[in-house]
Amino acid sequence: MPTDVVSSTRVPSWNGALENQNQRQIAASLDEPFPSPTSRMGRLRDSSDSYAVRILLCEVANTVLDEGLRECLAEILPQSEIDQIYRFRFDADRRMALASRVLARHVIADEGGSDTDMLAIDIERSKKAGNRPIWKPSSPKDRFIHFNVSHDKDVVVLAASRQLVGIDVMRIATTKEDRPLRDFFDSLRGSFSALEWRYITQPAGERDQLERFMELWTMKEAYVKAIATGLYVEPLRLECVSECNGASTSSTSTPPQASFALGPMKVDGKPLASFCFRHLRQPDGYMICLAMGPHKAAHELYGSFIPNDVLTCPYDPPAALTDEQVWVEAVDLTDLINRYTIPGAF
Ligand SMILES: CC(C)(COP(=O)(O)OP(=O)(O)OC[C@H]1O[C@@H](n2cnc3c(N)ncnc32)[C@H](O)[C@@H]1OP(=O)(O)O)[C@@H](O)C(=O)NCCC(=O)NCCS
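Residues numbered from 1 in each chain as written. Predicted model: local features only at pLDDT ≥ 70, side-chain atom pairs only at ≥ 80, totals over all residues.

The next thing to look at is the overall build of the protein chain. Secondary structure summary: the protein chain contains ten helices and twelve strands in total. Looking at the 346 residues of the protein chain, the share that counts as buried comes to 36%. At a minimum sequence separation of 6, the contacts of the protein chain that also span at least 24 residues come to 67%. (Helix = DSSP H or I, 4+ residues; strand = E, 2+ residues; numbered from the N terminus. Buried ≥ 20, exposed ≤ 12 C-beta atoms within 10 Å, placed from the backbone. Contact = placed C-beta atoms within 7 Å.)

The following block contains the structure:
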């Protein structure tokens, strides 16, 4: 375990970084790295593309939670958020809650705010918006951004955009390592339509079936997170698969295979043309889905926080996002916290 370091200037410091360097190398050799950036990294602030999305990915398994960290956090997170983190019993949950809060403040400081003081950033979790964290800009000079966070099993992802976004990440695994896939599927039978189950169970291999399941699950979650309703929308009301005309077959002796397409999502049977979805996957690892929709979809929930010029933006998101519009960036949480708390580290 790292030992505490107290610098001569009495600025609290956290030396998890050096320790983490080795741990990260070990972790990297055990596992494939996260999806490599699909395109250039950039800042939304400097982009003229209002549909660009910045996705931050953070693996937190090796983040050291020690007293040094706790002292540093007081400089970048309000006490209420520090309390939220330490209210969790298990370190794994604390690490994910920590990354969620630090990434959110970082992306707002970097992209939207006129103020780079992390503590001055006002993030509200309002009951009206299902406790979805939302940035409340403090100055008319701020450029509003939407953000949304998701975490699962030591991975935290954040999506930020000028458009309304929702994101979901899931490890591609059943809820318990040794749980048979059939049992897992049976427990969630009622969350998917007959057509969706045909799509999920079409491949012969269990791994492929589980991947298809995760594709649909994350898509539904990303949507309910974008509109902030969460569990209030029953997953069965959302259908993510369409059957394409014509069936494919590789030879005349094998029966024709149905062919399916992901999307457009249907809500209560009606196609949802104003939202687009994009999956990112790490084979044998995690499935991520990003949902992007128009501001007006969120207006009723938290419109009063969004400046008028953003709300009245007339454009709906495009039918699909290109590689150039989705910027994926791996973030080292330790380095990020040090950047904001060690004087001169910026
Ligand atoms: C919070 C909720 C919206 C998502 O929960 P989850 O999938 O367990 O959690 P995720 O890791 O994806 O997301 C958690 C993060 O979402 C954000 N969040 C919280 N409430 C939110 C809401 N109403 N809408 C959008 N985002 C929300 C928070 O940032 C939270 O992380 P934090 O508290 O550490 O900051 C949950 O209440 C929910 O309703 N989930 C939908 C479940 C569902 O219907 N699934 C259907 C799939 S078939």
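Next, the rest of the story.
Relative orientation of the contacting elements helix H2 (residues 67-76) and helix H10 (residues 333-341) amounts to 60°, with a least axis distance of 9 Å. By the angle between their axes, H2 is oblique relative to H10. H10 is crossed by H2, and the crossing has left-handed handedness. In this structure, H2 uses Cys72, Glu75 and Ile76 to contact H10, whose residues at the interface are Ile337, Tyr340 and Thr341. Here the residues of the contact of H2 with H10 are counted per class, giving four nonpolar, one polar and one charged. (Axes fitted to C-alpha atoms, helices over the stretch in contact; angles between N-to-C directions. Parallel < 35°, antiparallel > 145°, perpendicular 65-115°, else oblique. Left-handed = near helix turned anticlockwise from the far one by under 90°. Nonpolar A, V, L, I, M, F, W, Y, C, P; charged D, E, K, R; others polar.)

All right, on to the nonpolar core then. By size, the foremost hydrophobic cluster in this structure holds 78 residues, and its most contacted members are Val157 and Leu290. Two domains each donate at least three residues to this core, and these are domain 1 (16-163 + 327-341) and domain 2 (171-248 + 257-293). In this structure Leu290 touches Val53, Ile55, Ala159, Val165, Ile167, Ala222, Phe277 and Arg278, once residues within four positions along its chain are discounted. (Core = buried A, V, L, I, M, F, W, Y, C linked by C-beta atoms within 7 Å. Domains from an automatic or database assignment.)

If you check the shell around the ligand, you find 21 residues, and the closest are Ser100, Gly130, Arg132, Ser150 and Gly230. Element by element, the count of residues in the shell around the ligand is highest for helix H7 (residues 206-226), at five residues. Partitioned by chemical class, the residues of the shell around the ligand number eight nonpolar, eight polar and five charged. (Near = placed C-beta within 6 Å.)

Attention shifts here to the confidence of the model for the protein chain. Summary statistics for the protein chain give a mean pLDDT of 81 and a share of 77% for residues scoring 70 or more. By mean pLDDT, helix H1 (residues 16-30) is the weakest element of the protein chain at 38, and helix H6 (residues 194-200) is the strongest at 97. (pLDDT = per-residue confidence, 0-100.)

What follows covers the packing of helix H3 (residues 79-87) against helix H4 (residues 91-111). Remark: H3 packs on H4, axes separated minimally by 8 Å, with the N-to-C direction vectors making an angle of 155°. As summarised for this structure, H3 and H4 are arranged roughly antiparallel, according to the angle between their axes. H4 is crossed by H3, and the crossing has right-handed handedness. Mapping the contact onto sequence places Glu81, Gln84, Ile85 and Tyr86 in H3 and Arg94, Ala97, Leu98 and Arg101 in H4. A breakdown of the residues in the contact of H3 with H4 according to their chemical character gives four nonpolar, one polar and three charged.

Along the chain, Pro317 turns up in the loop between helix H9 (308-311) and strand E12 (326-330). Between the alpha carbons of Pro317 and Tyr51 there is a distance of 6.8 Å; along the sequence they are 266 residues apart.

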